[in-house]
Amino acid sequence: MSELTAPKPEPDTAQSSLWKDAFRTMRRRPDVIIASLIMLFVFTMAAFPTLFTDKSPTRCIGSDARERPDTWFTGEHPLGTDQFGCDFAATLVHGTRPTITLALSVMIVAVLIGMVTGILAGYYGGVIDAIISRAVDVFIVVPLMLGAILLLSLFRGRGAPDNLFETVAPPAIALAIFGWMEFTRYTRAATIETKNLDYVTAARCLGAKDRRIMFKHILPNAIIPVTAVIPTTLGSIIVAESALAVLGIGVQPPATSWGVLLSNGTQWAAGGYIYLFGIPLLLLILTVFSFATFGDALRDALDPKLR
Amino acid sequence: MNAELGQEHAAEPVLEARDLVKHFPVQRGIVFKRTVGHVQAVDGVDLELHAGKTLGVVGESGCGKSTLAKLLVGLEPPTSGSINLLGQEIGNLPQRKIRPHRRDIQLVFQDPYTSLNPRMTVGDIVAEPFAIHPGVVPKDKVTAEVKELLDLVGLSPDHVNRYPHQFSGGQRQRIGIARALALRPQILVCDEPVSALDVSIQGQVINLLERLRDELGLAYVFIAHDLSVVRHIADEVAVMYLGKIVERGTAAEIYDHPRHPYTQALLSAVPVPDPELRGRREEIILQGDVPSPINPPSGCRFRTRCWKATERCAEEVPSLDVGDNGTRPPVSHHHPNQPEGSTHPTACFYAEEKDVTHAVK
């Protein structure tokens, strides 16, 4: 085949495949559209915070502290001010970027490590399985907080972070290192279940290499339990990060995150300043909901029988 | 028929197994595994398959038929013995080196509900062999080739974008056959290809397999426990018991002139289609269960359930040749269908013909 000629357009109707069909089905579901809009909104906030607020989150006037958002979405402080007199809307919007970057990077790293180790352990078994499974056991017995505190104490000496990477990297590394085991276990179980099925034997009989079997036949099965836990894990990462922040080893001020706002907000919620707690919580719930809906729809779409 | 067979043996077989053995170790312990025994799934099997012919392998569940199928297609490495595929030895090759030979021999599975990936379209399933062996068909012709294959097995080529669950069992089995045929193999090993199907569908799939054999010149190793299906399709039949072949011959020899007690017992259990004749045939009911393949009986493996067994059976292992010493005269070319004429290989010291198939009024 010559590489120089442009590929000819398919004469027949395009051959469909699992992922193409899945995408086509998802596009038609209203809940997926709503979830995508929420995700788009949150991501836009993370990428372009100045679109949503013209205030600086670091310009705080003490005399304006704890102004309730009586004007709601308009006026000087659309969402009121926090306990230091900073504009709450600006704080929230500017906190989105570290939150989303942290949650997604932890998630992606944890899922990648988990799926790769899980498939390797389940598929090859034997010594590889023993090593990976024992490593999982070891990481599971170390409590997340303890491990993260120990690990983050290594970064103690650093000064105030001046860019996103420095803000997010230490807690992200800590949370990812202690967050991948769940995915390994789910993936390993799904792999063991799948690898002895007849269709995998058929692929081997045709001469398929291990890599092809793992990606084409086992991965679509292994993704299913993983999509189910991703949304809840996303929420717990954001909350765990706030716990690290309280201990002073999470996202460092002046940068902030939803987790930090949540944990600060709890102190004021009982005193009548429920918005300081409620608004970040609402944002968190909406984000987790949209990921959950998306994951659920993806799982359904990847199962031809449920389409 | 016998005379015809004599001439064919002159040609080189497309698939030949010699003294094929597969023992699975039985291990105990979690960290320090020790082997406490071996499951002797296949123990010294010889077989020959000629181009365009069908070799039926029958036997009850657990006798090693499926392991034999996996050995023949190279999915399991044999413990010892040789497998000769189109004149090349594949029994001792590592998996990596078997890959090119996989184009010549393919497997059709028993259960059409698990042998197709539910998450792949039919087009992807049938095209997978081409994706694995990219040199076979140029990329731009794959779609056309897949449609041709679907047409060949009697499915509509428009079904490429459907998923397996949208098909019936018989149609799924056709998809499995199309996938197996994609690389144009010369040999198909069919591991109980119709036993998971409705009886009405079994006939269609068997007829399809027969048509493909004639059109494409395929050779089949046809493994089944349904004796009537095997009789319909097979030219030669091998009867397996506990990992060994106990009797081998043409379909007519085995079905009309069974000589091994086990074959006779098996055949006598085939239901009689005529209610008038039911109960008028001698039925041999075997006592006990199949012995464990981990610790098979000494000597003849069938002796624990055989009504003819003597002390000799416990001491000596009967080979397929011993039955030839029977009292029957050798087959004569002038009377190929003479009932007395059968001296096909039988692994029994006391091989004697007994008509158990035909019920008489």
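Look up: the structure comes first, before these words.
Here we summarise the structure given alongside this text.

What counts, and at which threshold
- Residues numbered from 1 in each chain as written.
- Chains lettered and ligands numbered in written order.
- Predicted model: local features only at pLDDT ≥ 70, side-chain atom pairs only at ≥ 80, totals over all residues.
- Helix = DSSP H or I, 4+ residues; strand = E, 2+ residues; numbered from the N terminus.
- Buried ≥ 20, exposed ≤ 12 C-beta atoms within 10 Å, placed from the backbone.
- Contact = placed C-beta atoms within 7 Å.
- Axes fitted to C-alpha atoms, helices over the stretch in contact; angles between N-to-C directions.
- Parallel < 35°, antiparallel > 145°, perpendicular 65-115°, else oblique.
- Left-handed = near helix turned anticlockwise from the far one by under 90°.
- Pairing = 2+ DSSP bridges.
- Core = buried A, V, L, I, M, F, W, Y, C linked by C-beta atoms within 7 Å.
- Nonpolar A, V, L, I, M, F, W, Y, C, P; charged D, E, K, R; others polar.

## A word on the overall build of chain A
Okay, step 1: The helix and strand inventory of chain A stands at 11 helices and zero strands.
Okay, step 2: N-terminal to C-terminal, the α/β element order of chain A is α-α-α-α-α-α-α-α-α-α-α.
Okay, step 3: The buried share of chain A, taken over its 307 residues, is 40%.
Okay, step 4: Within chain A, residue pairs in contact and separated by at least 24 positions form 71% of the contacts whose partners lie at least 6 positions apart.

## Considerations on the overall build of chain B
Okay, step 1: Helix and strand counts for chain B stand at 11 helices and 10 strands.
Okay, step 2: Sequence separation of at least 24 residues holds for 67% of the intrachain contacts in chain B that already meet a minimum separation of 6.

## What to know about the packing of helix α6 (residues 169–181) of chain B against helix α7 (residues 199–216) of chain B
All names here are of chain B.
Okay, step 1: At a minimum axis separation of 10 Å, α6 and α7 run at an interaxial angle of 20°. In this view, α6 runs roughly parallel relative to α7, as classed from their interaxial angle. Judged by the sense of rotation from one axis to the other, the crossing of α6 with α7 is right-handed. Across the interface between the two elements, Gly-169, Gly-170, Gln-173, Arg-174 and Ile-177 from α6 touch Ile-201, Gln-204, Val-205 and Leu-208 from α7.

## Observations concerning the sheet that holds strand β4 (residues 80–85) of chain B
Two pairing modes exist for strands in a sheet, parallel and antiparallel, and in both the strands are linked by backbone hydrogen bonds.
Residue and element names in this part refer to chain B.
Okay, step 1: One open sheet accounts for four strands, arranged β2-β1-β4-β5; its pairing is antiparallel. Across the chains shown, the open sheet's two edge strands, defined by having one partner strand only, are β2 (34–49) and β5 (88–89).
Okay, step 2: Summarising the sheet, strand β1 (residues 15–28) and β4 pair through five bridges and their orientation is antiparallel. Counted as the bridge partner of Glu-16 is Asn-84 from β4.

## A word on the sheet that holds strand β6 (residues 105–108) of chain B
Residues and elements named next belong to chain B.
Okay, step 1: Spatially, the six strands line up as an open sheet ordered β6-β7-β8-β3-β9-β10, and their pairing is mixed. Single-partner strands in this sheet number two, and they are β6 and β10 (244–250). The average angle at which neighbouring strand axes cross in this sheet is 15°, direction not considered.
Okay, step 2: Both strand β7 (residues 187–191) and strand β8 (residues 219–224) contribute to a ladder of five bridges, which runs parallel. Pairing of Val-189 across the sheet is with Val-221, part of β8.
Okay, step 3: Each of β6 and β7 is contacted by α6, which is oriented at about 170° to β6, the strand it contacts most.

## Some words on the nonpolar core
Okay, step 1: Of all hydrophobic cores here, the largest spans 158 residues; its most connected members are Leu-72, Val-126, Ile-187, Val-189, Val-221, Phe-222 and Val-239 of chain B.
Okay, step 2: Among the elements that line this core, the one with the most residues is helix α3 (residues 88–124) of chain A, at 16 residues.
Okay, step 3: Sequence-distant contacts of Val-189 of chain B, that is, excluding residues within four places in its chain, are made with Ala-69, Leu-72, Val-73, Ile-105, Leu-107 and Val-221 of chain B.

## Considerations on the environment of Ser-133 of chain A
Residue and element names in this part refer to chain A.
Okay, step 1: Inspection of the secondary structure puts Ser-133 in helix α4 (residues 126–141).
Okay, step 2: Its 18 C-beta neighbours within 10 Å are what place Ser-133 among the partly exposed residues.
Okay, step 3: Taking the C-alpha atoms as reference points, Ser-133 and Arg-188, separated by 55 residues in sequence, lie 9.2 Å from one another.

## What about the interface of chain A and chain B?
Okay, step 1: Taken residue by residue, the interface counts 24 residues in chain A and 31 residues in chain B.
Okay, step 2: Elements supplying a minimum of two residues to the side of chain A that touches chain B: α8 (198–205) and α9 (210–246) of chain A.
Okay, step 3: Broken down by element, the side of chain A that touches chain B gets its largest block of residues, seven residues, from α8 of chain A.
Okay, step 4: For the side of chain A that touches chain B, the per-class residue count stands at 12 nonpolar, six polar and six charged.

## Quick look at the environment of Asp-87 of chain A
Okay, step 1: With respect to the helices, strands and loops of the structure, Asp-87 of chain A is situated in the loop between α2 (30–47) and α3.
Okay, step 2: Through-space distance from the C-alpha of Asp-87 of chain A to that of Met-107 of chain A is 30 Å; in sequence the pair is 20 residues apart.

## Points about the packing of helix α10 (residues 258–269) of chain A against helix α11 (residues 275–301) of chain A
Residues and elements named next belong to chain A.
Okay, step 1: Viewed as axis vectors pointing N to C, α10 and α11 meet at an angle of 145°, and their least axial separation amounts to 7 Å. Read as a crossing pair, α10 and α11 show a hand that is left-handed. Contacts from Trp-258, Leu-261, Leu-262, Gly-265, Thr-266, Trp-268 and Ala-269 of α10 reach α11 at Leu-276, Phe-277, Pro-280, Leu-281, Leu-283 and Leu-284.
Okay, step 2: The residue inventory of the contact of α10 with α11, partitioned by class, reads 11 nonpolar, two polar and no charged.

## Regarding the pairing of β10 of chain B
Residues and elements named next belong to chain B.
Okay, step 1: Counting buried residues in β10 gives six out of seven residues, a clear majority hidden from the surface.
Okay, step 2: As paired strands, strand β9 (residues 236–241) and β10 are joined by six bridges and run antiparallel to one another. Paired with Met-240 across the bridge in β10 is Ile-245.

## A few points about unusual backbone geometry
The general pattern is negative phi for most residues beyond glycine and trans for most peptide bonds.
Okay, step 1: Phi is positive for Leu-86 of chain B, close to 50°, though the residue is something other than glycine.
Okay, step 2: Of note, Leu-86 of chain B is situated in the loop between β4 and β5.

## A closer look at the environment of Thr-67 of chain B
Residues and elements named next belong to chain B.
Okay, step 1: Tracing the sequence through the fold places Thr-67 in helix α2 (residues 65–72).
Okay, step 2: A tally of 22 C-beta atoms within 10 Å means that Thr-67 is categorised as buried.
Okay, step 3: Between the C-alpha atom of Thr-67 and that of Ala-41, which follows or precedes it by 26 residues, the distance is 6.7 Å.
Okay, step 4: Residues contacting Thr-67, with those up to four places away along its chain left out, are Lys-22, Ala-41, Val-42 and Glu-76.

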